[in-house]
Amino acid sequence: MCTVTYIPTGKGAFLTSNRDERTDRAPAEPPVTRYAPAPLTYPKDTQAGGTWIALKGRCDAAVLLNGGFQNHARRHSYSRSRGLIILEIVEANAPADCFETMALEGIEPFTIILFTGGRLMRCTWDGSRKHRKELDAHRPHIWASATLYNDDARQMRAAKLQQWYGKTAVNVESILDFHIQDDIRFNAGQSFNEHRDTIATVSVTSIDLTSPEPAMHYHDLRTGRTFVTRQPPAISDEQTAFHNFHWKMRRFLIRLRNWEYWPLECVYLPMVPAWLWLSMKARSVCFFEAANPSMRYAGFAGEHKSRIYSLMPKNTYPETLLCEAGISRKKVLELLHSAPFKFPLIAKPDVGERGVQVQLLKNDSNLEDYRRRSRVDFLLQPYIDYPNEVGIFYHRMPGELSGHISGIVGKELLSVTGDGIADILTLIMQDDRAILQLPALHTSLGEQLKSVPAAGEKVRLVPYGNHSRGSKFTDLSHRTTPLLTQVIDQICAGIPGFHFGRLDIRFKSWEDLEAGQHFSIIELNGAASEPTHIYDPKHTLFFAWKEIYRHWKILLEISMANVRHGVPRMTFRDGVAMVREHRKYLKLMRKV
């Protein structure tokens, strides 16, 4: 990462880096291909976890040089390693744009040579400002780190390159010979660095972009070993044409055999007579109206999650930031800096609907992409990585001190388990639940579908506990205990005007949850809550209808009791307005 060359040829280019490093630093790991989700090949620095050179896919490459334009005085510490910054940039869909938008305050100065989409760019962070310059990709270039070499040493290297280029056949071997000659590899006599007597060129890494199968050649000068890592062939269109007739028919048959995947209309339209019967008893088609007086429309539709969180006891839910639609990047960063948030984060619409537009954000680039695409207010929360997730259905009659748990659903996030032989795509093909998610998984995982998990390794495909996103729901109502009911009672008693709904909770263990420890309420849903334990594959559709009707009856009883205590009722006109408003919002939300 201290002397870098870019050598163009008629078939492509070579991007090569000398790693000049202290000899007492732990050796790097040779290059391997990882998936994020495009194939990303790079050697790994075992000390900081990042890299200094990376190849993404079949045409993008990047090399890191320490320092900006001039040598700088080092601070005692920095917020992140530059080797992690280059990975985040090269992983992005638009690496140059990622450099322009990412926050670099607290990062040590660096320069990245970026070759993407046939364009060559120099991206420099000097410690206070960013600089991006497009370079001529048809002529050779050489750079040397400003933290090791002065202008004279850099000019000498440029002259050496000009003497060499055009007189030598360009290939991997000749480029290695150029990089290990005395005037190009590290020479303490040419450096002003205070540690120059303990520094040496420990490796030369060259990215070959001149063939249909790009490769990374890693030459370990300490051991004399050479490693060649080639990019795997891309998954063919035939393999991933998951929208063709064959795959559509296969998904249709899976849904046909399993009612839990049927459209909501197929499940709920037969329940219309039951709804009308309860409406006649309540003398209102909106008989849910007064169940949860503190929630808009009792939490049936249109309620803001941010407002619901504000009603809940502190420390029972994740810390939450509300971002208005169209919020600027600067304002988002200010909000993040005001709270102790670290990636990964969860982003979701403030008014949600069955997991639509819920997304895991792994870095600044993901956040910026979500911010730009969102047309509605959204929330940011730390990702709660407890191993268990359940939905607990709770109800309490007005005036009563304690309530009841009427159902518990366990949520098994969509994942596959490796056997050390099959790739992720093959493992997905063996699971009907995962096959239903194939189009979305291909978009989110891309080339990662070709990676082969180790035997016994569990790979989480979707990090959210939504049935519509592939989670398996299991009826755990037998887990209801007096201790658990007491804990949920205490939580819900602290939520003003809440009598009916479902708490979606992540937690460390059942023992902890019953003790009221190590849990977080991800969502609190009101009158529109489904008793989602009905979606356990062992249950029949008739069981589901029975449970839905049972909970509607409870909803009616609670609502009528609140009406008798003076809670105002909704008119039919209010109900029509609610439906229209919700449909309009959903249409806008799905534009994200």
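So, a few notes on the structure that sits alongside this text.

1. Topic: the environment of Gly117
Looking at the element boundaries, Gly117 is found in the loop between β7 (110-116) and β8 (119-125). On the basis of relative accessibility, which here comes to 61%, the residue Gly117 falls in the exposed class.

2. Some words on the packing of helix α3 (residues 151-164) against helix α4 (residues 172-180)
Viewed as axis vectors pointing N to C, α3 and α4 meet at an angle of 150 degrees, and their least axial separation amounts to 11 Å. Put simply, α3 runs roughly antiparallel to α4. For the element pair α3 and α4, the recorded crossing hand is right-handed. For the pair formed by α3 and α4, the contact residues are Lys160, Leu161 and Trp164 on the first element and Ser174, Ile175 and Phe178 on the second. Here the residues of the contact of α3 with α4 are counted per class, giving four nonpolar, one polar and one charged.

3. Observations concerning α3
A rise of 1.5 Å per residue sets the reference length of α3, with its 14 residues, at 20 Å; its end C-alpha atoms lie 20 Å apart and thus fit the reference within 8%. Buried residues of α3: Ala153, Arg157, Leu161 and Trp164, and no others. Each buried residue of α3 lies within a common arc of 80 degrees when the element is viewed along its axis, so the set occupies one face. Residues of α3 that are exposed and point more than 90 degrees away from the buried face comprise Asp152 and Gln155. Considering only its buried residues, α3 is in contact with β1 (3-9), β10 (141-144) and α4.

4. A look at the sheet that holds strand β18 (residues 388-395)
Paired through backbone hydrogen bonds, the strands of a sheet run either parallel or antiparallel to each other. The strand order β22-β19-β18-β23-β24 describes an open sheet built from five strands, whose pairing is antiparallel. The sheet is open, and its two edges are formed by β22 (472-475) and β24 (519-525), each paired on a single side. Across this sheet, the average inter-strand angle for adjacent strands is 25 degrees, counted without regard to direction. Relative to β24, strand β23 (residues 500-507) is paired through six bridges, and the arrangement is antiparallel. For Phe507, the partnering residue across the bridge sits in β24 and is Phe519. The sheet strands contacting helix α14 (residues 482-493) are β18, β19 (404-412), β23 and β24, and the helix crosses β18 at an angle near 70 degrees.

5. Focus on empty space enclosed by the protein
Any empty space left between atoms is shown by rolling a water-sized probe over those atoms. The tally for this structure, following the rule as stated, stands at one cavity of 30 Å³ or more. Taken as a whole, the largest cavity encloses approximately 40 Å³ of empty space. For the largest cavity, the full set of lining residues is Arg19, Pro27, Ala28, Val202, Ser203, Tyr218, Asp220 and Arg222. Those elements that provide at least two residues to the lining of the largest cavity are β11 (199-208) and β12 (215-220).

6. Here's the deal with unusual backbone geometry
The step from Phe343 to Pro344 runs through a cis peptide bond, and the omega angle for that step is 5 degrees. For Pro344, the position within the fold is in the loop between α9 (329-338) and β15 (345-349). Here Ala298, not a glycine, exhibits a phi torsion of approximately 65 degrees, which is positive. Relative to the helices and strands, Ala298 is located in the loop between α7 (272-282) and α8 (305-311). We classify Ala298 as buried; its relative accessible area is 1%.

What counts as what
Residues numbered from 1 in each chain as written. Predicted model: local features only at pLDDT ≥ 70, side-chain atom pairs only at ≥ 80, totals over all residues. Heavy atoms only, no water. Helix = DSSP H or I, 4+ residues; strand = E, 2+ residues; numbered from the N terminus. Buried < 20%, exposed > 50% of the residue type's maximum accessible area, 1.4 Å probe, protein only. Axes fitted to C-alpha atoms, helices over the stretch in contact; angles between N-to-C directions. Parallel < 35°, antiparallel > 145°, perpendicular 65-115°, else oblique. Left-handed = near helix turned anticlockwise from the far one by under 90°. Contact = heavy atoms within 4.5 Å. Nonpolar A, V, L, I, M, F, W, Y, C, P; charged D, E, K, R; others polar. Expected span 1.5 Å × (residues − 1). Arc of directions from axis to C-beta. Pairing = 2+ DSSP bridges. 1 Å grid on protein atoms, 1.4 Å probe; cavity = no way out; pocket = protein on both sides within 12 Å on 5 of 7 lines; lining within 4 Å. Points joined across faces, edges and corners; volume = space filled by probe spheres on them.

Read these as geometric descriptors, not functional statements.
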